[in-house]
Amino acid sequence: MYVFSRSEWKNDDLKFIRSEVKNLKSSAYLGSTGLVTSFDEINTILAKYDEINNFINVCKGYTYPNYDLQSTFLI
């Protein structure tokens, strides 16, 4: 949760968290403790991050033939 409390998340940190959550969830030593709920919470945060990051990447690829300040967009 320390990483998530910062304003910028490094890719290496996110990769490490994903890997550790995966390993810990499959650990025989955890059993059915309350920590599994924490892992679900972390996975929810990561899923929302991925959703937002994918949206930003799609927007970066958006092109429009007329960049005039007077252009209008029809919905």
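Note: the structure precedes this text.
Since the model is a prediction, treat every value here as computed from it, not as a measurement.

Enquirer: I keep staring at the overall build of the protein and nothing clicks. Help me out?
Expert: Along the backbone of the protein there are two helices and zero strands. With 75 residues in all, the protein has 13% of them scored as buried. By sequence separation, contacts in the protein at least 24 residues apart represent 46% of the contacts at least 6 residues apart. Of the roughly 6600 Å² of accessible surface on the protein, a fraction of 58% belongs to carbon and sulfur atoms.

Enquirer: What exactly am I supposed to notice about a nonpolar patch on the surface here?
Expert: A grouping of Ile52, Phe55 and Ile56 is seen on the molecular surface, where their side chains present a nonpolar patch of about 300 Å² in accessible area. Within the secondary structure, Phe55 is located in helix H2 (residues 35-60). You can call Phe55 exposed: its relative accessible area is 56%.

Enquirer: What am I meant to see in the packing of aromatic side chains here?
Expert: When we look at a pair of aromatic rings, we describe it by the centre distance and by the angle of the planes. All chains considered together, the criterion is met by two aromatic pairs. Measuring from centroid to centroid gives 5.3 Å for Trp9 and Tyr49, while their planes differ by 35°, and the two rings are tilted. Residue Trp9 is located in the segment before helix H1 (11-25), and its partner Tyr49 is located in helix H2; the two are separated by 40 residues in the primary sequence. On the accessibility criterion, Tyr49 (22% relative accessible area) is partly exposed. Here the aromatic cluster, defined as three or more aromatic residues joined through ring pairs, consists of Phe4, Trp9 and Tyr49.

Enquirer: I tried to follow the nonpolar core on my own but got confused; where do I start?
Expert: One recurring pattern in soluble globular proteins is that nonpolar side chains are buried together. Core analysis: the largest hydrophobic core is formed by nine residues, namely Val3, Phe4, Leu14, Ile17, Val21, Leu30, Phe39, Ile42 and Leu46. For this core, the secondary-structure elements that each account for two or more residues are H1 and H2. Phe39 has contacts with Val21, Leu24, Lys25 and Leu30, leaving out every residue within four places of it along the chain.

Enquirer: For this particular structure, what's the right way to read H1?
Expert: Think of an α-helix as turning once every 3.6 residues; residues three or four places apart then point the same way. Spanning 15 residues, H1 covers 21 Å between terminal C-alpha atoms, matching the ideal 21 Å at 1.5 Å per step. The set of residues buried in H1 consists of Leu14, Ile17 and Val21. End-on, the buried residues of H1 take up no more than an arc of 60°, which puts them together on one face. Residues Asn11, Asp12, Lys15, Phe16 and Lys22 are exposed on H1 and point more than 90 degrees away from its buried face.

What counts and how
Residues numbered from 1 in each chain as written. Predicted model: local features only at pLDDT ≥ 70, side-chain atom pairs only at ≥ 80, totals over all residues. Heavy atoms only, no water. Helix = DSSP H or I, 4+ residues; strand = E, 2+ residues; numbered from the N terminus. Buried < 20%, exposed > 50% of the residue type's maximum accessible area, 1.4 Å probe, protein only. Contact = heavy atoms within 4.5 Å. Areas by Shrake-Rupley, 256 points an atom, 1.4 Å probe, with all protein chains shown as cover. Patch = residues over 30% accessible without salt bridge, like charges linked within 9 Å, V, L, I, M, F, W, Y side chains within 5 Å. Salt bridge = Lys/Arg side-chain N within 4 Å of Asp/Glu carboxyl O. Phe/Tyr/Trp six-rings, centres within 6.5 Å; stacked < 30°, edge-to-face > 60°. Core = buried A, V, L, I, M, F, W, Y, C linked by side-chain atoms within 4.5 Å. Expected span 1.5 Å × (residues − 1). Arc of directions from axis to C-beta.

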